[in-house]
Amino acid sequence: MKKTINIIVALVIVAGLFSCNNGGTSNKSQGALSSSAAEKVYVAPGELDEFYAFVSGGFSGQLAVYGLPSGRLFKVIPVFSQDAEKAWGYNEETIPMLNTSHGFIPWDDSHHPDISQTNGELDGRWVFINGNNTPRIAKIDLTTFETTEIIEVPNSAGNHSSSFVTENTEYVVAGTRFSVPVPQRDMSIKEYKGNFKGALTFISVDPEDGKMAIKFQILMPGFNYDLSHPGRGKSHGWFFFTTYNTEEANTLLEVNASQNDKDFIAAINWKKIEEYVNNGGGTKMPTNYAHNVYDDKTHTATSTMIKEVLTVNPIDIPGAVFFLPTPKSPHGCDVDPSGEYIVGNGKLSANLTVHSFTKMLDAIENKKFAGDAYGIPILNFEDVLAGVVEQPGSGPLHTEFDGKGNAYTTFFISSEVVKWKLGTWEVIDRKSTYYSVGHLMIPGGNSRKPFGKYVLAMNKITKDRYLPTGPELTQSAQLYDITGEKMELLLDFPTIGEPHYAAGIPAEILIPNSKKLFKLEENEHEYATVNDSEVKVVRKGKEVHIYMTMIRSHFNPDNIEGVKVGDKVYFHVTNLEQDYDVPHGISMIGAQTSELLIMPGQTETFIWYPKQVGVWPFYCTDFCSALHQEMQGYIRVSPASSNLELSWGLGD
Amino acid sequence: MIIGALLPLGLFLFPLWNITLEAPQYPIPLGMNIHINDFSDANPYDIKNINLMNHYVGMKYIPDAIPEFKIFPIGIIITTIIGLLIGIFGNYKWFMGWFVLMILVSTAGLIDFYLWEHDYGHDLDPKAIMKFTNPDGSVMGFQPPLFGSKDILNFRAHSYPRLGALFLALGIGFGFIAYFVGKREVKNA
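About the thresholds
As a convention, each chain's residues are numbered from 1 in the sequence order in which they are written. Written order determines the labels here, with chains lettered from A and ligands numbered from 1. The model is predicted, so local features are restricted to residues of pLDDT at least 70 and side-chain atom pairs to those at 80 or more, both for listing and for counting; the totals for chains, interfaces and linings are taken over all residues. Think of the side-chain values as coming from all heavy atoms in the structure, minus any hydrogens and water. Helix and strand definitions here come from DSSP, where helices need a minimum of 4 consecutive H or I residues and strands a minimum of 2 consecutive E residues; each element is numbered from the N-terminal end. What the globule rule says is 2.2 Å times the number of residues to the power 0.38, and the radius of gyration is computed from C-alpha atoms. We call a residue buried when its accessible area falls under 20% of the maximum for its residue type, exposed when it is over 50%, and partly exposed in between, using a 1.4 Å probe and counting protein chains only. Should any heavy atoms of two residues lie within 4.5 Å, those residues are counted as being in contact. Surface accessibility follows the Shrake-Rupley procedure with a 1.4 Å probe radius. Residue values consider only the protein chains on display as shielding. Counting rule applied: Lys, Arg positive; Asp, Glu negative; His and chain ends not counted. To locate a charge, the coordinates of NZ of Lys, CZ of Arg, CG of Asp or CD of Glu are taken. Where each domain begins and ends follows an automated or database-derived domain assignment. Buried area adds together the accessible area that both of two parts lose upon being put together, with accessible area traced by a 1.4 Å probe. A pairing counts as a salt bridge when a side-chain nitrogen of Lys or Arg comes within 4 Å of a carboxyl oxygen of Asp or Glu. The convention used is that axes are lines fitted to C-alpha atoms, helices contributing only their stretch in contact, and that angles between N-to-C directions extend from 0 to 180 degrees. The scheme is simple: roughly parallel for angles under 35 degrees, roughly antiparallel for over 145, roughly perpendicular for 65 to 115, oblique for anything else. Amino acids outside the nonpolar list (Ala, Val, Leu, Ile, Met, Phe, Trp, Tyr, Cys, Pro) and the charged list (Asp, Glu, Lys, Arg) are all regarded as polar, and Gly is one of them. For this analysis, a nonpolar core means a set of buried residues of the types Ala, Val, Leu, Ile, Met, Phe, Trp, Tyr and Cys, connected via side-chain atoms within 4.5 Å. Strand pairing is assigned whenever DSSP identifies at least 2 bridges connecting the two strands. By the criterion applied in these results, polar contacts are pairs of N or O atoms within 3.5 Å in which, for protein atoms, one can donate a hydrogen and the other can accept it, and in which residues neighboring in sequence qualify only through two side-chain atoms. A cavity here means a set of 1 Å grid points, computed over protein atoms only, where a 1.4 Å probe fits but cannot escape. A pocket is an open set with protein on both sides within 12 Å along at least 5 of 7 lines, and lining residues have an atom within 4 Å of a point. Grid points are joined across faces, edges and corners, and a volume is the space filled by probe spheres set on the points. What a helix should span is 1.5 Å times the count of its residues minus one. Two cysteine sulfurs form what is called a disulfide whenever their separation falls within 2.5 Å. A clockwise turn of the near helix away from the far one marks a right-handed crossing, whereas an anticlockwise turn of less than a right angle marks a left-handed crossing.

Okay, the overall build of chain A next. When its secondary structure is counted, chain A shows seven helices and 45 strands. For 652 residues, the compact-globule formula gives about 26 Å, and the C-alpha radius of gyration of chain A, at 28 Å, lands near that figure. Judged by the C-alpha coordinates and their principal axes, chain A covers about 100 × 85 × 45 Å. Here chain A holds 652 residues, and 58% of them are scored as buried. Across chain A, every contact between residues at least 6 apart in sequence was considered, and the portion connecting residues at least 24 apart equals 63%. On chain A, roughly 25,900 Å² of surface is accessible, and the fraction owed to carbon and sulfur atoms is 54%. Averaging the positions of the 54 positive and the 77 negative side-chain charges in chain A gives two centres separated by 3 Å.

Printed below as a string of structure tokens:
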């Protein structure tokens, strides 16, 4: 009897297994049942994600690197904010990276990452991101995943319609959200209207080494330039910026900047302006901004102040700048992969406006203008309109494309992502987000060749979606599968800071270029110590320079005497390892700075001010090896009056 | 016979032997190629990293150069010249002589290799950071295998001949075949 029961139980289990399998298969074919969502985002231990997602850190000032579809966080790349973990902005090498015309700025608000392109497709060489508060553009090298260049943007304030690249990375573009007096001067705020300017800055990118330089600034009327995107394909050579506050209000903007029925999308023919400045056009204006460059050979950054910028008045170049009327304070300004459609996401509008590039060219050719704003021609709304997505939701913010003729728009107020069809303007699907979605991202969704497998929606508010952590809650990203007719929510994951925007790229493009270590034989740091015979401690007056090496599992030297109270002690530390994933750290008791975390083959420097007599230890801060706990040393600090000569050693 | 005499020159082009060390934290294993006149990294910096690993158990650093790197190339060049001279001027009976000579030279090389490995694996620094003993209480050695695979602590060591050794073996084989071919030709004549 018992045996029979066992057999029945076994049969039931087997039947269950089969039916489960059947269920699983049918779920997959439907692509919309939650039971298969886990499978779709599960990246088994030891396996790798399919995409990198570079998600902006917003008010953290940094850029986070996640894997998709798993949503796992790999690295937070320090960009505009000091990072004690990586000594970014703390060690002597990277302090110059945060220099600006306002001095050393340890923080910013990072917004819109964009990956470099060649022929309109992602090439994976660099990712650019803007600092919104103290206007700057940063370039991150995707071989090292480190910030290697930051350029300040003069005449700008609230660097928000940035940092988007043209189709061959000819330019990375930075537009100002807040208009300001140009040049800055002491004047009444009430005189804003007609006097303030909005600077749109075109920063050239050297095709070989990526070096950035401000090519020209267009001084536009004093509107707020919110977001922008380049033309591509047929519209390559143009750039489009959304504007709001065309009312030019200077106070209570939430009301006063929301009065006009239509604001504008500014269409800029940058090829024409480039030609104009190449032929000597434009006005050189005195200014002051920082250009900071980190060198992978010297492992050191330098900051240069630049005193001049080339400005362009748009009315001096007929045919270069036009305004496209667009309803209600548009936020995102998005161009489809073909370059034909320009989507204006009117954030206070009930409808979504789509302009046609072909119609725009036609209207310009036939000079069908509705008037002008400060001498810049305004086209007729009806003449440039391609279509309207009727009542798709409320508060449209941003649109991206899957490369299959569909567009995906976020709606902040109604907390949803809406899928609609280019050309027919019909809504195909809508899915809720949790909650208050800002931007969304499809890998390559900003290029001629999107990888339309997932859309990542980035939310400002999470409320009850995660375990509570006191008043301050995480913001989040949500991943949707967009391979089917209907979208499918697969995953929620928390993000650092505020995820304003993201850029995604197939992992296979970046993996082969990711650097494993820095070669010691290529180390050109001024204070590098590339072998143990060069280890030394040198006194220059009150400065003591320690040329130190580190390798599993010791520092050389690890005993130093002859340092005195009142000295300024430089630790110049070189990691002699040449093995993948073997960094060492170092910190000294009482050092008023961060640790150093030094990659194989790299040299970094921190300064320690000994203030008390005694024998003080330093140690390795990254668990490097079986003998990590033994990786330590001592410095003897004598009174300022001491005559003790410097001496040092290892294993004596 | 001439082909046989020339083939061992492949040793100057290709590594003779390879030792590879696998461990979980080395998904790309550490490897060292042994050439007739050099040690080289299988992947950049492998030898440096093998040395770093091995210093924990007191093993010596793999030297940049050993006397064999001078002796072996000369030996191979001499045997090649002898082989060529025999091939051109000698009769088939000498082919067997060259074959025996090459077997002796190769065996001497292998014995030398074994002795170096034994010394490398057993002559440990008395101040070694970690000391391991065998179950019988004797000091554990870390000698890599001469031929084959073996577990050494957390590593699995593989030691196998490479393309250079194949060229040497083929050369010797050709010498041996040449002896019989020559013998038959003499008989038939």
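The next thing to look at is the domain arrangement of chain A. All names here are of chain A. Annotation of chain A at the domain level lists domain 1 (51-513) and domain 2 (520-649). For domain 1 and domain 2, the distance between their C-alpha centres works out to 43 Å. Buried area between domain 1 and domain 2, summed over both chains or domains, comes out near 1,200 Å², and the portion from carbon and sulfur atoms is 48%. Summed over the shared surface of domain 1 and domain 2, the result is zero salt bridges.

Next up on the list: the packing of helix α3 (residues 68-89) of chain B against helix α4 (residues 92-122) of chain B. Residues and elements named next belong to chain B. Between α3 and α4, whose axes approach to 10 Å, the crossing angle comes to 170°. Taken together, the axes of α3 and α4 are roughly antiparallel relative to one another. Contacts between α3 and α4 involve Glu-68, Phe-72, Thr-79, Ile-82, Gly-83, Ile-86 and Gly-87 from the former and Trp-94, Phe-95, Trp-98, Leu-101, Met-102, Val-105, Gly-109 and Asp-112 from the latter. In terms of residue class, the contact of α3 with α4 is built from nine nonpolar, four polar and two charged.

So, about the nonpolar core. Core analysis: the biggest nonpolar cluster contains 42 residues, and B:Met32 and B:Phe39 have the highest contact counts within it. Broken down by secondary-structure element, the contributors of at least two residues to this core are β1 (17-23), β2 (26-34), α2 (46-54), α3, α4, β5 (155-161) and α5 (163-188) of chain B. In terms of residue count, the dominant contributor to this core is α4(B) (eight residues). The contacts of B:Met32, once residues within four sequence positions are left out, are B:Trp17, B:Asn18, B:Ile19, B:Phe39, B:Ser40, B:Ala42, B:Ile47, B:Ile50, B:Ile62 and B:Trp116. Counting residues in hydrophobic clusters, the runner-up holds 29 residues, among them A:Val173, A:Leu200, A:Met220 and A:Ile268.

It is worth spelling out the pattern of salt bridges at this point. Here the idea is simple: oppositely charged side chains can pair when their charged atoms come close. Counting across every chain of the model gives 23 salt bridges over all chains. In this structure, A:Glu488 and A:Lys40 form a salt bridge, with 2.8 Å as the shortest nitrogen-oxygen distance. Within this pair, whereas A:Glu488 is found in strand β33 (residues 488-495), its partner A:Lys40 is found in helix α2 (residues 37-41), the two being separated by 448 residues in sequence. For B:Asp123, the salt bridge goes to B:Lys60, with nearest N and O atoms at 2.9 Å. Of this pair, B:Asp123 sits in the loop between α4 and β4 (148-152) while B:Lys60 sits in the loop between α2 and α3, and the two are 63 residues apart along the sequence. Salt bridges here are not isolated pairs; linked through shared partners, they connect A:Lys40, A:Asp481 and A:Glu488.

The subject of this paragraph is the sheet that holds strand β1 (residues 51-56) of chain A. Residues and elements named next belong to chain A. The strand order across the open sheet formed by four strands is β3-β2-β1-β34, and the pairing between neighbours is antiparallel. Either end of the sheet is taken by a strand with one partner, and the two such strands are β3 (73-77) and β34 (502-506). Put simply, the sheet's adjacent strands are angled 20° from each other on average, direction ignored.

This part takes up the interface of chain A and chain B. Interface size is often expressed as the accessible area that is lost when the parts come together. With 15 residues of chain A at the interface, the matching set in chain B holds ten residues. Counting each side, the surface lost to burial between chain A and chain B is near 930 Å², with a carbon and sulfur contribution of 56%. Where chain A touches chain B, the interface holds zero salt bridges. Connecting chain A to chain B are six residue pairs in polar contact (both at pLDDT 80 or more). Classifying every residue of the side of chain A that touches chain B gives six nonpolar, three polar and six charged.

Residue and element names in this part refer to chain A. Under the defined criterion, the tally for this structure stands at two cavities of 30 Å³ or more. Counting only elements with at least two residues in the lining of the largest cavity, the list comes to β6 (114-118) and β34. Of the residues forming the lining of the largest cavity, the biggest block, three residues, is contributed by β34. Here the lining of the largest cavity is built from residues that sort into eight nonpolar, four polar and two charged. Empty space within the second largest cavity amounts to approximately 40 Å³. Forming the boundary of the second largest cavity are Phe-164, Leu-227, Ser-228, His-229, Gly-332, Cys-333, Asp-334, His-398, His-439 and Tyr-501.

A few words on α3(B). For α3(B), built from 22 residues, the straight-helix expectation of 32 Å at 1.5 Å per residue is met to within 8% by its first-to-last C-alpha distance of 31 Å. Its buried side turned inward, α3(B) meets α1 (2-6), β3 (39-41), α4 and α5 of chain B.

Paired through backbone hydrogen bonds, the strands of a sheet run either parallel or antiparallel to each other. Residues and elements named next belong to chain A. Taken together, the four strands give an open sheet; going across it, the order is β30-β31-β32-β33, and neighbouring strands pair in antiparallel fashion. Taken across any chain shown, the strands that pair with only one partner, and hence form the sheet edges, are β30 (437-441) and β33. Going from strand to strand, the sheet's axes swing by 25° on average, the running direction of each strand aside. In the sheet, strand β32 (residues 475-481) pairs with β33 via seven bridges, with the strands oriented antiparallel. In the strand pairing of β33, Gln-478 is matched with Asp-492.

All names here are of chain A. One pass over the full model with this rule turns up zero disulfides over all chains. No disulfide involves Cys-620; its nearest neighbouring cysteine sulfur is the one of Cys-624, lying 4.1 Å away. Among the residues examined, Cys-620 registers a relative accessible area of 1% and is labelled buried.

What follows deals with the side chain of A:Asn159. Residues and elements named next belong to chain A. On the secondary structure map, Asn-159 appears in strand β10 (residues 159-165). Polar side-chain contacts of Asn-159 include one of 2.5 Å to the side chain of Ser-162. The contacts of Asn-159, once residues within four sequence positions are left out, are Asn-130, Gly-131, Asn-132, Pro-135, Arg-136, Ile-137, Ala-174 and Gly-175.

Residues and elements named next belong to chain A. With respect to the secondary-structure elements, His-299 resides in the loop between β17 (283-295) and β18 (300-312). For His-299, a relative accessible area of 2% translates into the label buried. A polar contact is formed between the side chain of His-299 and the backbone oxygen of Asp-296, at a distance of 3.5 Å. Those residues in contact with His-299 that sit more than four places away from it in its chain are Glu-93, Tyr-294, Phe-518, Asn-523, His-525, Gly-601, Gln-602 and Thr-603.

The next subject is the packing of α4(B) against α5(B). Residues and elements named next belong to chain B. As a packed pair, α4 and α5 sit with axes 8 Å apart at the nearest point and diverge in direction by 160°. Here α4 lies roughly antiparallel to α5, going by the angle between them. In this structure, α4 crosses over α5, and the sense of that crossing is left-handed. Contacts between α4 and α5 involve Tyr-92, Lys-93, Phe-95, Met-96, Trp-98, Phe-99, Met-102, Ile-103 and Ser-106 on the former and, on the latter, Leu-168, Gly-171, Ile-172, Gly-175, Phe-176, Ala-178, Tyr-179, Gly-182, Lys-183 and Val-186.

This brings us to unusual backbone geometry. Residue and element names in this part refer to chain A. Going from Ser-162 to Ser-163, the amide bond is cis rather than trans, its omega being -5°. With omega at -5°, the peptide bond leading from Arg-552 into Ser-553 counts as cis. Mapped onto the fold, Ser-553 is located in the loop between β36 (543-551) and β37 (554-556). Even without glycine at this site, Asn-119 takes up a positive phi of about 50°. One can find Asn-119 in the loop between β6 and β7 (121-131). Within the chain, Asp-581 stands out as a residue other than glycine whose phi angle is a positive 65°. For Asp-581, the position within the fold is in the loop between β39 (568-575) and β40 (584-588).

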